[in-house]
Amino acid sequence: MPRDRFPIAVVHLHVPPDQVDWNRHPAKAELYLQSLEIWPDRISAAIEQALSTIEDPGESSRTQQILRVAEASAGYGLDRTITPAEETPLLELRALAQVHDMYIMAEHPSGMWLVEQHIAHERVLYEQIRDRWNPVPVELPVLLEGLKPVQVEQLKRVGLAIEPFGENLWAVRSLPELFLGRSDGVAGLIELSLAGDLQGAQVAVACRSAIRNGVKLSLPQMQDLLDAWQGTKNPRTCPHGRPIFLRLEESSLSKYFRRSWVVGKSHGI
Ligand SMILES: [Zn+2]
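Residues numbered from 1 in each chain as written. Predicted model: local features only at pLDDT ≥ 70, side-chain atom pairs only at ≥ 80, totals over all residues. Heavy atoms only, no water.

Some details on the nonpolar core
Line of reasoning, step 1. In terms of nonpolar packing, the biggest core is built from 26 residues, with Val 172, Leu 189 and Leu 192 touching the most fellow members.
Line of reasoning, step 2. Of all the elements in the fold, those that place two or more residues in this core are helix H3 (117-131), strand E6 (135-145), helix H4 (149-157), strand E8 (169-176), helix H5 (185-194) and helix H6 (198-209).
Line of reasoning, step 3. Not counting residues within four places of it along the chain, the set of residues in contact with Leu 192 comprises Trp 133, Gln 154, Leu 155, Leu 160, Phe 179, Ala 201 and Val 205.
Line of reasoning, step 4. Listed in part, the 17 residues of the second largest apolar core include Ile 104, Ala 106, Leu 225 and Ile 244. (Core = buried A, V, L, I, M, F, W, Y, C linked by side-chain atoms within 4.5 Å. Buried < 20%, exposed > 50% of the residue type's maximum accessible area, 1.4 Å probe, protein only. Helix = DSSP H or I, 4+ residues; strand = E, 2+ residues; numbered from the N terminus. Contact = heavy atoms within 4.5 Å.)

Right under this line is the structure:
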C-alpha cells in the first residue's frame, strides 16, 4: 500500500507451499503465487460469500458505513466536483499542452485530465526498476569510495555483488539492468546504499531519474510519457502515495457551465 493508505479488508490465503514462488524478490519481501489465474475467482467468491452472510439491513448499512469511512480516510483531497478515481481504464489520453512546465493537459473521451509530469514518470520508472531489478554481472566493476559498513551491508541486501577493493574502496560487480551504461551510476549506488529497504531504494532511484517539474516537454514527449504511464500497473498514485492526476469529467463541466439548462435554446449548443 502507498504510505498513509489503508486496506479496507485483508484476505487470508491458505496456500500449499508448492504454489508459492519464493525466489522473485532478492530480499524475499514479496512472494508470488503460481497459477495466478485461479485466484481472482476464488477471492471474489470468498468475498461475496462473506458479504452475503450479512443479510440483516442494520448490519449491511453498517458494512456500507465501514466502506464509506475507509474511502473517506483514503481521500485524495480532490475538490468535490471532481469524480474520484474509479475503475475506468486509463486509456485514450491525448496530450494537448504543458501547463507551468509541470502538468500535462490531456483530452480524454470523458473529459479533461491534468497529469503531473514528474510523478507520472516516477511511476513508470519505478515499475520498470521493480520488475527488472535482478542484478546482472558487469565486466567493469563500479568503484565506490569511503562507504560505511552499513552502506556495504545495504548494497548486499538489495542483491548486489560488492567486495573490498583496496584501501577504502569497494568494487560493485553486479548491477540492476537499468543501471547499466548510466553516467550517474555512482551517485545512484550511493543513494541505494543509504535507502532503508529494497522498495525505498527503488523509489529513490526512480525519483532521481524521473523528469523534473519545470522541464519543458514537446508534444510528442508528453504523449510518450502519457502512453507509458497509462501502461503501468498502478497508475493512480506515485510510489509515495501521492495522486498523479486530476480528472475533470465532462459531466461535471457541463454541470458547472449549467449547460443542461439551455439545451434547445441558442446558447451555442
Ligand atoms: Zn519524486
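Remarks on H4
Line of reasoning, step 1. If you check which residues of H4 are buried, you get Gln 151, Val 152, Gln 154 and Leu 155. The arc that holds every buried residue of H4, seen down its axis, measures 160°, which confines them to one face. The outward face of H4, more than 90 degrees from its buried face, is lined by the exposed residues Pro 149 and Val 150.
Line of reasoning, step 2. Check the buried side of H4 and you find it contacts E6, strand E7 (162-164), E8, H5 and H6.
Line of reasoning, step 3. Positive phi shows up at Gly 159, right after H4, with a value of about 100°. (Arc of directions from axis to C-beta.)

Let's talk about the confidence of the model for the protein
Line of reasoning, step 1. Summary statistics for the protein give a mean pLDDT of 81 and a share of 80% for residues scoring 70 or more.
Line of reasoning, step 2. Low confidence marks residues 72-88, where pLDDT is under 50. Its contacts with residues over four positions away, or in another chain, come to 22 contacts. (pLDDT = per-residue confidence, 0-100.)

Some remarks on the coordination of the zinc ion
Line of reasoning, step 1. Summarising the metal site, the zinc ion is bound by the protein donors His 118 (NE2), Glu 122 (OE) and Cys 207 (SG), whose distances to it range over 1.9 to 2.3 Å.
Line of reasoning, step 2. Within one chain, the residues serving as donors to the zinc ion are arranged as H-x3-E-x84-C. Pair noted here: Glu 122 is in helix H3 and Cys 207 is in helix H6, with a separation of 85 residues, a long-range link.
Line of reasoning, step 3. Note on Glu 122: relative accessible area 1%, which makes it buried. (Donors = N, O, S within 2.8 Å, 3.2 Å for Na, K, Ca; no water.)

Points about the sheet that holds strand E5 (residues 111-116)
Line of reasoning, step 1. Read across the sheet, four strands follow the order E3-E4-E5-E9 without closing on themselves; strand pairing throughout is antiparallel. At either margin of the open sheet sits one strand with a lone partner, and together these are strand E3 (94-99) and strand E9 (245-249). Recorded for the sheet is a direction-independent mean angle of 20° between the axes of neighbouring strands.
Line of reasoning, step 2. One ladder, built from five bridges, connects E5 with E9; its direction is antiparallel. Paired with Val 115 across the two strands is Phe 245, which belongs to E9.
Line of reasoning, step 3. Those strands touched by helix H7 (residues 219-230) are E3, strand E4 (103-108), E5 and E9, and its axis lies near 115° from that of E3. (Pairing = 2+ DSSP bridges. Axes fitted to C-alpha atoms, helices over the stretch in contact; angles between N-to-C directions.)

Let's talk about the sheet that holds E7
Line of reasoning, step 1. Pairing within the open sheet is antiparallel, and its three strands lie in the order E6-E8-E7. Both edges of this open sheet fall to E6 and E7, since each of them pairs with a single strand only. Adjacent strand axes in the sheet meet at a mean angle of 20°, parallel and antiparallel pairs treated alike.
Line of reasoning, step 2. Against the sheet, H5 makes contact with E6 and E8, and its axis sits at roughly 85° relative to E6, the strand it touches most.

Some details on a nonpolar patch on the surface
Line of reasoning, step 1. Residues Val 11, Leu 13, Ile 47 and Leu 51 make up a contiguous nonpolar surface patch of about 310 Å² in total accessible area.
Line of reasoning, step 2. Mapped onto the secondary structure, Leu 51 falls in helix H1 (residues 39-52). (Patch = residues over 30% accessible without salt bridge, like charges linked within 9 Å, V, L, I, M, F, W, Y side chains within 5 Å. Areas by Shrake-Rupley, 256 points an atom, 1.4 Å probe, with all protein chains shown as cover. Salt bridge = Lys/Arg side-chain N within 4 Å of Asp/Glu carboxyl O.)

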